[in-house]
Amino acid sequence: MKAVKIILPIVVVAIIGFFVTKWLINIDPPKDIDLPKNQYTERIEIEIDSLKKMPESKFCNDYYLKVQATIAEYYREWFIGFNLIKTVVSGKRKR
């Protein structure tokens with residue numbers, strides 16, 4: 001009877017350990033999740049790339065100023081910026 005009292009908890013712990021390991025092995029690893037892209041930064045990158053592709057002899061100052069104004073406007077309207085989530089939650093924008 002004493003042997004049964006000693007062996008029974010050992011067997012129960014072993015069975016629980018077996019099923020826990022089987023459960024842990026069958027868990028799927030997390031899949032790579034693509035973060036949403038900021039449409040404003042994509043638009044600015046496209047404009048900057050088109051500005052880079054222009055030949056040096058044909059630099060367009062008006063287009064450069066337009067891109068610069070677009071960046072400033074997006075920053076002013078909080079579409080782009082540093083620590084955007086923190087500033088929106090706190091309601092303050094550090095300058």
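Anything mentioned here points back to the structure above.
A short tour of the structure in this document, coming up. Given the structure is predicted, the values throughout are model-derived calculations rather than measurements. (Residues numbered from 1 in each chain as written. Predicted model: local features only at pLDDT ≥ 70, side-chain atom pairs only at ≥ 80, totals over all residues. Heavy atoms only, no water.)

### Some words on the overall build of the protein
What counts is decided by this rule: Per the convention used, a helix needs a DSSP run of H or I reaching at least four residues, while a strand needs a run of E reaching at least two, with both numbered from the N terminus. Per-residue accessibility, obtained with a 1.4 Å probe over protein chains only, is compared with the maximum for each type, and a residue is labelled buried under 20%, exposed over 50%, and partly exposed between these values. We call two residues in contact whenever any of their non-hydrogen atoms come within 4.5 Å of each other. With residues, only the protein chains shown are counted as cover, and all accessible areas are computed by Shrake-Rupley using a 1.4 Å probe.
Helices and strands together make up the secondary structure of the protein, namely 4 helices and 0 strands. For the protein, the residues scored as buried account for 12% of the 95 residues in total. Considering only residue pairs separated by 6 or more positions, the protein has 26% of its internal contacts joining residues 24 or more positions apart. Within the structure as shown, the protein displays about 9000 Å² of accessible surface, and the carbon and sulfur contribution to it stands at 65%.

### As for the packing of helix H2 (residues 39-53) against helix H3 (residues 61-76)
Note the cut-off: Think of each axis as a best-fit line through the C-alpha atoms, taken over the contacting stretch in the case of a helix, with angles from 0 to 180 degrees between the N-to-C directions. With respect to orientation, any angle under 35 degrees is reported as roughly parallel, any angle over 145 as roughly antiparallel, any angle of 65 to 115 as roughly perpendicular, and every other angle as oblique. The hand of a helix crossing depends on one turn: near helix anticlockwise from the far one by less than a right angle means left-handed, and clockwise means right-handed.
It is at 10 Å that the axes of H2 and H3 come closest, and there the two elements cross at 165°. In terms of axis orientation, H2 runs roughly antiparallel to H3. Considering the relative orientation of H2 and H3, their crossing is left-handed. Along its contact with H2, which presents Tyr 40, Arg 43, Ile 44, Glu 47, Ile 48, Ser 50 and Leu 51, the element H3 presents Tyr 63, Tyr 64, Val 67, Thr 70, Ile 71 and Tyr 74.

### Here we look at H2
The periodicity of an α-helix, 3.6 residues per turn, causes residues three or four places apart in sequence to face the same way. Threshold: Multiplying 1.5 Å by the helix residue count minus one yields the expected span of that helix. Regarding the arc, it is the one traced by the directions from the helix axis to the C-beta atoms.
If you check H2, its first and last C-alpha atoms are 21 Å apart, about what 15 residues at 1.5 Å a residue would give, namely 21 Å. Within the sequence span of H2, burial applies to Tyr 40, Ile 44, Glu 47 and Leu 51. For H2, the angular spread of buried residues about the axis comes to 60°, placing them on one side. For H2, the exposed residues set more than 90 degrees away from the buried face come down to Ile 46, Lys 52 and Lys 53.

### Things to note about the side chain of Glu 47
Our working rule: Note that His is not counted, nor are the chain ends; the positive residues are Lys and Arg, and the negative ones are Asp and Glu. By definition here, a salt bridge exists when the distance from a side-chain nitrogen of Lys or Arg to a carboxyl oxygen of Asp or Glu is within 4 Å.
Turning to its location among the elements, Glu 47 is positioned in helix H2. Although Glu 47 is buried, it makes no salt bridge; Lys 66 carries the closest opposite charge, 4.8 Å away. Here Glu 47 is in contact with Tyr 63, Val 67 and Thr 70, once residues within four sequence places are set aside.

### Details of the side chain of Thr 70
Note the threshold: Here a polar contact is recorded for every N or O atom pair within 3.5 Å, except that within protein the pair must consist of a potential hydrogen donor and a potential acceptor, and residues adjacent in sequence are included only if both atoms are side-chain atoms.
Tracing the sequence through the fold places Thr 70 in helix H3. By relative accessible area, which is 12% here, Thr 70 ends up buried. Only 2.8 Å separates the side chain of Thr 70 from the backbone oxygen of Lys 66, close enough to count as a polar contact.

### Some remarks on the packing of aromatic side chains
Quick reminder of the rule: Between 30 and 60 degrees the pair is tilted, below 30 it is stacked and above 60 it is edge-to-face, where a pair is any two Phe, Tyr or Trp rings, Trp via its six-membered ring, whose centres lie within 6.5 Å.
Within the structure shown, the criterion is met by 2 aromatic pairs. Between Phe 18 and Phe 19, the aromatic rings sit 5.3 Å apart at their centres with planes inclined by 70°, giving edge-to-face as the arrangement. Accessibility expressed as a relative area gives 45% for Phe 18, which makes it partly exposed. Centroid distance Tyr 40 to Tyr 74: 5.0 Å. Interplanar angle 65°. Geometry classified as edge-to-face. Of the two residues, Tyr 40 sits in helix H2 while Tyr 74 sits in helix H3, which places them 34 residues apart along the sequence. Pair check on accessibility: Tyr 40 and Tyr 74 agree, each one buried.

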